[in-house]
Amino acid sequence: MNKPVKSTCCYCGVGCGLLIETNGGQIVGVRGDPDHPANAGRLCTKGASLHLTARPDYRLLFPELRRQRHLPRQRVGWDEALTHAAERFAEIIAAHGPDSVAFYISGQLLTEDYYVFNKLAKGLIGTNNVDTNSRLCMSSAVAGYKQTLGADAPPCCYEDIALTDCLLIAGANPAVAHPIVFRRIEDARAANPDLRIIVIDPRRSETAEIADLHLPLKPGTDIALYMGLLHVLLAEKLVDRDYIAAHTEGFAALEESVAAYPPAVVAEICALAEAEIVQAARWFGKAAAALSLYCQGLNQSAHGTHNNAALIHLHLATGQIGRPGAGPFSLTGQPNAMGGREVGGLANLLSAHRDLANPEHRAEVARLWGVPSVPAQPGKAAVELFAALKRGEIKAVWIACTNPAQSLPDQNEVRAALQAADFVVLQEAYGNTDTAAYADLMLPATTWGEKEGTVTNSERCITHLTPAVARPGEARPDWEIVVDFARRLGARLEHPLTVQLFPYSGPEAIFNEHRESTRGRDLDITGISYALLDAAGPQQWPLPEGASSGRRRLYTDGVFPTPGGRARFVKVEHRPTAEATDAAHPIGLLSGRLRDQWHGMSRTGTVARLFNLDDEPLLSMHPADLRQRGLAGGDLVRVANPRGDVHVRVQADAGLLRGRAWLPMHWGSQFMNSAGVNALTLSTCDPFSQQPELKHAAVAVDKADLPWQLVILRKTGAGELAALRLLAKARELLPEFTFATVGLYGRDQPLVVFRAAHAEALPENRLLEIDALFGLGAEQAAIVYADQRRQISKRAVAPDGKLIGVRLAGETQAQSWLKEVMADEANDGDSGLDPALIRWAVAPIGRRPGKLPQRSRTVCNCADVSEAQIIADVGAGATLALLQEKRKCGTFCGSCLPQLRQIIASQAETAASAQPA
């Protein structure tokens, strides 16, 4: 075992420090870095499983090219790949101009990667058509900060969570999306029982369970609520008039607008209780220190910028900013969305928080780069970029480290755009994303554990990453791919400054140039170097040359980076959701994240244990909405609107109000037979941030008439790599059915789980072909049941008395307990289905036969503890502390603690209701 290598997690923007353990040139383990300021050694389930995603076996390992669309891609060398790309881009630019090409990049790139992409587009080619998937998650936060505070600079730090008296969490669910931040919240509550926690979310989320006050506002009414809170603060003289006068401007106009939002009116708009609005305002206004945490629920809206601004107004009006425990703190959605914003990696930005629309800023960047000018024409933001691709205005697109064929709204339009493009380049570590199907050229990039560069987390903290292992196959670092391409393209464009623009031999040279671009700016990092980061650890910006340390909190002196030095109150007013529900589409569909999955699952979808809590996409609805439609949990539904439809199962969730539904955003065409929730979302964008309204769409939900169902459970017995190979084969079946999902389950010896439903039964010969694909055709080891009249056909394969696979067609009740039994047997070796009971695998029973202990979904991945075990222990009198002592659940990463508390509370309610009156 080699000495651990320091790194950071590659998931959310918390930026947790990791220690990567390697052996024989392979990553074999990770643990939290106790010295990293972001997490002090803690990791969530995704971070703690990162080493399981580091296998090179299923990676994209060499370039692939197709010269004609109807042909499959073929392996080529790097020279041929990049020469072809340079020739195609040069031809298109020569024929149609610089704005006929575009780059769509990612908040998971390192800052150095971002920087050279930005320079390639804006400095060499002369187009501002470079945008990022951060547009989908953080651009409204950027615009909100800039409109009010003057710069895209979160003023708070994680330490403030422990120092606040009132924590307002809005449009965020850190219990699952930012688990390490949530651990800090729980620590703060334990240390300060008087801490007030307010959660504003249309859904009673896992985070809302710990709230002293949950405000389940009507979707799209955030601005009205914050205006109503400010109305109460004004009426009860809880604003800081001295701070407003000394450090802000524009309050008089806002105060006039607030008069139209008394609590009674706001209660009607937001569908909330008037008393709760007043209570929230009083807690916030009377707190010695008030802190807000917010994320996509505010950002992913057609008025997301003003959602942000209206919340920031509360801090400015009360002086709750620039001091310990206080301030508006935007939680970043991706590991390096902040770094991308720092180097101007958006179509409307330039390096070091400069604005493209500002002629002085363009001139500064041109001087820095040594080019005559930077183009003034605004670039296309993400949604418009793909719309222009479909129109033919943009001819070629270079996509890096992101999956627009799942993540962008209105997927039918996006996929049509990719199909219409003349040339699509995909620079990726994984070759099986939804977008890969549209790529003419695939370029293998290095990924987590293999790269060097920097990332910046939500609290402005920069960490230097060094590779733990060598790059696999022919994969190359993202910055290196871009620089090589830029030099080739510059030669073909006969650009005289190509060599001068791209002189880099390593990422440190890129960082040093980026660092110089920040001199004198609000994010000045001229005092930071790779050497300092390696010696002293992560550093917060600003840290200018000569300073001894970065700044924990901004605006402590009440001076803001605006022309007058004052923060600004801006004109905001209530606007509804971009799409209203109606009689034809009466359900407001919300989307969000699950605890154990990440984005489109190109990484987490390779780890079986990360499916154990949620192994298929489920639409959550209020029980009354289900009853109204004649539905029960587990039924299949069609969710539809004019943009598309998806077929999924439903589950009851009393934490949703009637008329609302919730669907996770992770599943796409690699795991189901549709594009997922973004088949339904709309492309309407915020006018300031150009961020689309991904959080809400109006849909109809109807029972799906799909009486014939198919379930296949197959254990390979050869580890996760064999399971992944079978998973890839099983994906080929997804388009064949009206409803279909595929995924993994278990741990070290996982199952592949395929579920499907259709209006009619498949013929027996097709079932036998599917059996063969799954390796279930061994007649001598099979138990078969068939009822042709009822269109039921079942097969269980158990060589040597060990059940390795089951195919249930036409009747599938046994799927849930069979899945658990087979997973038990794979992981424990001797706890599976007794040979004498294997015949029950084809029986129509929904519970385990005989005396087999009942199992259920895994709640704690770290300790492999199931819900059934927890319920049994709680029924015997166990408290949370006793559970932690006995089962160890909740004592590792802590991500399961919200679920543990929910189960304990639910069992207490059940026990109480069972008592005689």
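Residues numbered from 1 in each chain as written. Predicted model: local features only at pLDDT ≥ 70, side-chain atom pairs only at ≥ 80, totals over all residues. Heavy atoms only, no water.

Here we take up the overall build of the protein. If you tally the helices and strands in the protein, you get 29 helices and 36 strands. Across the 917 residues that make up the protein, the buried fraction comes to 63%. Partitioning the intrachain contacts of the protein with sequence separation of at least 6 by distance along the chain shows that 72% fall at a separation of at least 24. Per element, the accessible surface of the protein, about 31,500 Å² overall, is 50% carbon and sulfur. Taking the average location of the 93 positive side-chain charges in the protein and that of its 100 negative ones, the two points are 2 Å from each other. (Helix = DSSP H or I, 4+ residues; strand = E, 2+ residues; numbered from the N terminus. Buried < 20%, exposed > 50% of the residue type's maximum accessible area, 1.4 Å probe, protein only. Contact = heavy atoms within 4.5 Å. Areas by Shrake-Rupley, 256 points an atom, 1.4 Å probe, with all protein chains shown as cover. Lys, Arg positive; Asp, Glu negative; His and termini not counted. Charge placed at Lys NZ, Arg CZ, Asp CG, Glu CD.)

Once that is clear, we can look at the pairing of strand β19 (residues 453-456). Side-chain positions along a regular strand alternate between the two faces of the sheet. Residues of β19 alternate between two faces, with Gly453 and Val455 on one and Thr454 and Thr456 on the opposite face, all of them buried. Pairing analysis gives 4 bridges linking β19 to strand β20 (residues 461-465), with the strands arranged antiparallel. Looking at the pairing, Gly453 lines up with Leu465 of β20. (Pairing = 2+ DSSP bridges.)

Glancing now at the environment of Gly15. Position of Gly15 among the secondary structure elements: in the loop between β1 (5-8) and β2 (17-23). We classify Gly15 as buried; its relative accessible area is 10%. Linking Gly15 and Asp557, residues 542 residues apart in sequence, is a C-alpha distance of 28 Å. Not counting the four nearest positions on each side in its chain, Gly15 is found in contact with Thr8, His36, Ala38 and Asn457.

What follows concerns unusual backbone geometry. The step from Trp541 to Pro542 runs through a cis peptide bond, and the omega angle for that step is 0 degrees. Positionally, Pro542 belongs in the loop between β21 (539-540) and β22 (567-568). In this structure, Ala40 takes a positive phi of about 50 degrees despite not being glycine. Along the polypeptide, Ala40 turns up in the loop between β3 (26-32) and α1 (45-48). Ala40 gets classed as exposed once you look at its relative accessible area, which sits at 53%. You will see that Tyr555, though not glycine, has its phi angle at about 65 degrees, which is positive. Structurally, Tyr555 can be placed in the loop between β21 and β22.

Before going further, it helps to spend a moment on the nonpolar core. Ranked by internal contacts, the top residues of the largest apolar core, which has 70 residues, are Leu149, Ile200, Leu225, Tyr226 and Leu230. Here this core gets 10 residues from one element, more than from any other, and that element is helix α7 (residues 222-235). Those residues in contact with Leu149 that sit more than four places away from it in its chain are Pro155, Ile312, Leu316, Ile321, Tyr555, Phe560, Pro561, Thr562 and Ala567. If you look at the next biggest cluster of nonpolar residues, it comprises 58 residues, including Val637, Ala675, Trp708 and Leu776. (Core = buried A, V, L, I, M, F, W, Y, C linked by side-chain atoms within 4.5 Å.)

Of all the positions in helix α9 (residues 251-258), only Phe251, Leu254, Ser257 and Val258 are classed as buried. Across the axial projection of α9, the buried residues extend over an arc of 115 degrees, all falling on one side. Of the residues in α9, the exposed ones pointing more than 90 degrees away from the buried face are Ala252, Ala253 and Glu256. Summarising the contacts, the buried residues of α9 are in contact with α7, α8 (241-247), β11 (248-249) and α13 (304-318). (Arc of directions from axis to C-beta.)

Bringing the sheet that holds β2 into the picture now. Here we have 3 strands laid out as an open sheet, ordered β1-β2-β3, and antiparallel in their pairing. Pairing within the sheet leaves two strands with one partner each, and these edge strands are β1 and β3. Ignoring which end each strand starts from, the neighbouring axes of this sheet average 40 degrees apart. Taken together, the 4 bridges between β1 and β2 define a ladder with antiparallel strand orientation. Counted as the bridge partner of Ser7 is Leu18 from β2. (Axes fitted to C-alpha atoms, helices over the stretch in contact; angles between N-to-C directions.)

As a further point, take the packing of aromatic side chains. Within this structure, the stated rule accounts for 19 aromatic pairs. Pairing Tyr115 with Trp369 gives two aromatic rings, centres 6.4 Å apart and planes at 90 degrees, and the pair type is edge-to-face. Placement of the pair is Tyr115 in helix α3 (residues 111-125) and Trp369 in helix α15 (residues 359-369), with a sequence separation of 254 residues. According to the relative accessible area criterion, Tyr115 is buried, its value standing at 1%. Overall, Trp369 belongs to the buried group, its relative accessible area being 3%. By way of ring pairs, the aromatic residues Phe89, Phe103, Phe117, Trp398, Phe423 and Phe485 are connected into one cluster. Taking the ring centre of Tyr430 as reference, the NZ or CZ of Arg59 above it sits at 5.9 Å. Seen from the ring of Trp541, Arg460 lies directly overhead, with NZ or CZ sitting 5.6 Å from the centre. (Phe/Tyr/Trp six-rings, centres within 6.5 Å; stacked < 30°, edge-to-face > 60°. Lys NZ or Arg CZ within 6 Å of the ring centre and 35° of its normal.)

Another aspect to go through is the side chain of Gln406. Within the fold, Gln406 resides in helix α17 (residues 404-407). Ignoring anything within four residues of it in the chain, the contact list for Gln406 reads Gln411, Asp434, His599, Gly600, Met665, His666, Trp667, Gly668, Ala675 and Asn678.

Further remarks concern the sheet that holds strand β13 (residues 327-330). Read from one edge to the other, the open sheet built from 5 strands follows the order β10-β9-β8-β12-β13, with strand pairing classed as parallel. Pairing within the sheet leaves two strands with one partner each, and these edge strands are β10 (213-215) and β13. Strand-to-strand twist of the sheet, defined as the mean angle between neighbouring strand axes without regard to direction, takes the value 15 degrees. Judged from the 3 bridges that link them, strand β9 (residues 196-200) and β10 form a sheet pairing that is parallel. The partner of Val199 across the bridge, within β10, is His214. On top of the sheet, helix α11 (residues 274-286) reaches β8 (166-170), β9, β10 and β12 (290-294); it is set at about 125 degrees to β10, its chief contact. Lying over the sheet, α13 contacts β8, β12 and β13, oriented at roughly 170 degrees with respect to β12.

Where the model shows low pLDDT, its predicted coordinates should not be examined in detail. When pLDDT is averaged along the protein, the result is 95; 98% of the residues meet or exceed 70. Under a pLDDT of 50 for its full length, residues 826-831 has, in the predicted model, 10 contacts with residues more than four places off or in other chains. (pLDDT = per-residue confidence, 0-100.)

Right, let's get into the pattern of salt bridges. Oppositely charged side chains can pair when the atoms bearing their charge come close. Under the defined criterion, the tally for this structure stands at 61 salt bridges. The partner of Asp440 in a salt bridge is Arg66, with the nearest N and O atoms 3.0 Å apart. You can see Asp440 sitting in the loop between β17 (423-428) and β18 (441-444) and its partner Arg66 sitting in the loop between β4 (64-65) and β5 (74-75), a full 374 residues away along the chain. Exposure class is identical for Asp440 and Arg66. Each is buried. Between Glu480 and Arg476 there is a salt bridge; the shortest N-O distance is 2.8 Å. Since its relative accessible area comes to 12%, Arg476 is described here as buried. (Salt bridge = Lys/Arg side-chain N within 4 Å of Asp/Glu carboxyl O.)

Before going further, it helps to examine the pairing of β13. Burial along β13 is two-sided: Gly327 and Phe329 facing one way and Pro328 and Ser330 facing the other are all buried. Where β12 lies against β13, 4 bridges are found, and the strand directions are parallel. Opposite Tyr294, over in β13, you have Ser330 as the bridge partner.

As a further point, take the side chain of Thr526. Of note, Thr526 is situated in the loop between α21 (507-517) and α22 (530-536). Residue classification places Thr526 among the buried positions, given a relative accessible area of 10%. A distance of 2.6 Å separates a polar atom in the side chain of Thr526 from a polar atom in the side chain of Asp524. Here Glu545 takes part through its backbone nitrogen, which lies 2.8 Å from a polar atom of the side chain of Thr526. Contact partners of Thr526, with chain neighbours within four places excluded, come to Arg515, Thr518, Arg519, Leu543, Pro544 and Glu545. (Polar contact = N/O pair within 3.5 Å; in protein donor to acceptor, adjacent residues only side chain to side chain.)

Now for the packing of α3 against α21. Direction vectors running N to C along α3 and α21 enclose 70 degrees, while the axes themselves pass 9 Å from each other. In terms of orientation, α3 and α21 fall into the roughly perpendicular class. In contact with Thr111, Glu112, Tyr115, Val116 and Lys119 of α3, α21 contributes Pro507, Ile510, Phe511, Glu513 and His514. Looking at the contact of α3 with α21, its residues break down into 5 nonpolar, 2 polar and 3 charged. (Parallel < 35°, antiparallel > 145°, perpendicular 65-115°, else oblique. Nonpolar A, V, L, I, M, F, W, Y, C, P; charged D, E, K, R; others polar.)

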